[in-house]
Amino acid sequence: MSDQTIVHLLRHGEVHNPQGVLYGRRDGFHLSDLGNRMATRIAESIGERDIVHLRTSPLERAQETGAPLAAARGLTPVLDPRVIESANKFEGISFADGAMTFLKRPQLLRHMYNPLRPSWGEPYEEIVGRMMAAVYDARDAALGHEAVIVSHQLPIWTTRLHVENKSFLHHPKKRQCTLCSLTSLHFDGDHLVRVSYSEPAGDLIPVGDRSAPFSAGGAAPEDKP
């Protein structure tokens, strides 16, 4: 049996969120019609790959994103709270006005004193700790094959920064983690040897949304998984 294993970190699809709420870990936020099309695209794009293990965040949008792939591969997803969205003190606030939100609600600025931690949410090191534990479990469950973990933008991006030994300090618009993108961790045995990135549903994202920090993220794809 080969020791070459790939763990794909799949960001969920577009969420129905007309009020522009930073929904975080809140229940009741489901995929939009476009988000469901994105999830179907994922199943069509990678459903023929050697994927033998699937785990998802317990939030509805992640489970709904993983459902078409689970059906295509005949897999029962493992619900893993370790890959849930990061905690955030701004959860429940509408950011439909973008940066103007902070001008209208200046009391929010008190949470912005330390972007390295970050002071407004779950510490980056804690995100990395729980995400990497789930990655290693998925790798071991799929040894010699491929696994998919359906998670969220910040946990996936923070994990990538960690494995590439980069600073956690970043601007949300600079995250290379669009809706339904794949950040793929390639292992040789226990050793991570490469990270690749692709956007199977990238053509479905409206051009105007690609730089939205809480929607699509930004940057063009670099590699194929």
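Please refer to the structure placed before this passage.
Nothing here was measured: the structure is a model prediction, and the numbers come from that model.

## Topic: the overall build of the protein chain
Consideration 1: Check the secondary structure of the protein chain and you find five helices and six strands.
Consideration 2: Each helix and strand of the protein chain, placed in order from N terminus to C terminus, yields the pattern β-α-β-α-β-α-α-β-α-β-β.
Consideration 3: Across the 225 residues that make up the protein chain, the buried fraction comes to 52%.
Consideration 4: Long-range pairs, those at least 24 residues apart, make up 70% of the contacts in the protein chain between residues at least 6 apart in sequence.
Consideration 5: Working note: accessible area of the protein chain is about 10300 Å², and carbon and sulfur atoms make up 53% of it.

## So, helix α1 (residues 33-46)
Consideration 1: Along its 14 residues, α1 runs 20 Å from first to last C-alpha, staying within 8% of the 20 Å computed at 1.5 Å per residue.
Consideration 2: Of the residues making up α1, those classed as buried are Leu34, Gly35, Met38, Ala39, Ile42, Ala43 and Ile46.
Consideration 3: If you follow the buried residues of α1, they end up packed against β1 (4-11), β2 (51-56), α2 (60-73), β4 (146-151) and β5 (182-188).

## Points about α2
Consideration 1: An ideal rise of 1.5 Å per residue puts 20 Å on 14 residues; α2 measures up with 20 Å between its terminal C-alpha atoms.
Consideration 2: Where α2 bends most, the angle comes to about 35°, and this point is Ala67, followed within four residues by the proline Pro68.
Consideration 3: Those residues of α2 that fall on the buried side of the exposure criterion are Glu60, Arg61, Ala62, Thr65, Gly66, Leu69 and Ala70.
Consideration 4: The secondary structure elements touched by the buried residues of α2 are β1, α1, β2 and β4.

## Looking at empty space enclosed by the protein
Consideration 1: Going through the model one piece at a time under the given rule, you end up with one cavity of 30 Å³ or more.
Consideration 2: Estimates place the volume of the largest cavity at around 30 Å³.
Consideration 3: The wall of the largest cavity is formed by Ser86, Ala87, Asn88, Pro118, Trp120, Gly121, Glu122, Ile127 and Leu154.
Consideration 4: When grouped by side-chain class, the residues that make up the lining of the largest cavity number five nonpolar, three polar and one charged.

## Details of the pattern of salt bridges
Consideration 1: Applying the stated rule across the entire model yields twelve salt bridges.
Consideration 2: Across the pair Glu85 and Arg61 runs a salt bridge whose closest N-O atoms are separated by 3.9 Å. In this pair, Glu85 sits in the loop between β3 (78-79) and α3 (100-104) while Arg61 sits in helix α2, placing the two residues 24 residues apart along the sequence. For the pair Glu85 and Arg61, a shared accessibility class is recorded, and that class is buried.
Consideration 3: When the shortest N-O distance is used, the salt bridge between Glu164 and Lys166 registers 3.2 Å.
Consideration 4: We classify Glu164 as partly exposed; its relative accessible area is 24%.
Consideration 5: Counted as one network, the salt bridges with shared partners bring together Arg55, Asp80, Arg82 and Asp137.

## Brief notes about the nonpolar core
Consideration 1: Among the nonpolar cores identified, the biggest contains 25 residues, and Val7, Leu9, Tyr124, Val135, Ile149 and Leu185 are the most heavily contacted of them.
Consideration 2: Within the residue set of this core, elements represented by two or more residues are β1, α4 (124-141), β4, α5 (153-163) and β5.
Consideration 3: By residue number, the principal contributor to this core is α4, which donates eight residues.
Consideration 4: Each residue touching Leu9, except ones within four places of it in the same chain, is listed here: Val135, Ile149, Ile156, Thr159, Ser181, Leu182, Thr183 and Leu185.

## Re unusual backbone geometry
Consideration 1: Phi is positive for Asn165, which is not a glycine, with a value near 55°.
Consideration 2: With respect to the helices, strands and loops of the structure, Asn165 is situated in the loop between α5 and β5.

## Description of the environment of His170
Consideration 1: For His170, the location among the structural elements is in the loop between α5 and β5.
Consideration 2: The partly exposed category is assigned to His170, whose relative accessible area is 21%.
Consideration 3: In contact with His170, other than residues within four places in its own chain, are Tyr124, Leu154, Trp157, Leu161 and Arg175.
Consideration 4: Here Phe168 takes part through its backbone oxygen, which lies 2.7 Å from a polar atom of the side chain of His170.

## So, the sheet that holds β2
Consideration 1: On the basis of which strands lie adjacent, the open sheet formed by six strands has the order β3-β2-β4-β1-β5-β6 and mixed pairing. Because the sheet does not close on itself, it has two edges, and the strands there are β3 and β6 (191-198).
Consideration 2: In the sheet, β2 pairs with β3 via two bridges, with the strands oriented parallel. Considered in β3, the bridge of Arg55 is made with Val78.
Consideration 3: Against the sheet, α4 engages β1, β2, β4 and β5, with an angle of about 155° to β2.

What counts and how
Residues numbered from 1 in each chain as written. Predicted model: local features only at pLDDT ≥ 70, side-chain atom pairs only at ≥ 80, totals over all residues. Heavy atoms only, no water. Helix = DSSP H or I, 4+ residues; strand = E, 2+ residues; numbered from the N terminus. Buried < 20%, exposed > 50% of the residue type's maximum accessible area, 1.4 Å probe, protein only. Contact = heavy atoms within 4.5 Å. Areas by Shrake-Rupley, 256 points an atom, 1.4 Å probe, with all protein chains shown as cover. Expected span 1.5 Å × (residues − 1). Bend = angle between axes of the 7 residues up to and from the residue. 1 Å grid on protein atoms, 1.4 Å probe; cavity = no way out; pocket = protein on both sides within 12 Å on 5 of 7 lines; lining within 4 Å. Points joined across faces, edges and corners; volume = space filled by probe spheres on them. Nonpolar A, V, L, I, M, F, W, Y, C, P; charged D, E, K, R; others polar. Salt bridge = Lys/Arg side-chain N within 4 Å of Asp/Glu carboxyl O. Core = buried A, V, L, I, M, F, W, Y, C linked by side-chain atoms within 4.5 Å. Polar contact = N/O pair within 3.5 Å; in protein donor to acceptor, adjacent residues only side chain to side chain. Pairing = 2+ DSSP bridges. Axes fitted to C-alpha atoms, helices over the stretch in contact; angles between N-to-C directions.

Shape descriptors only; they carry no functional weight alone.
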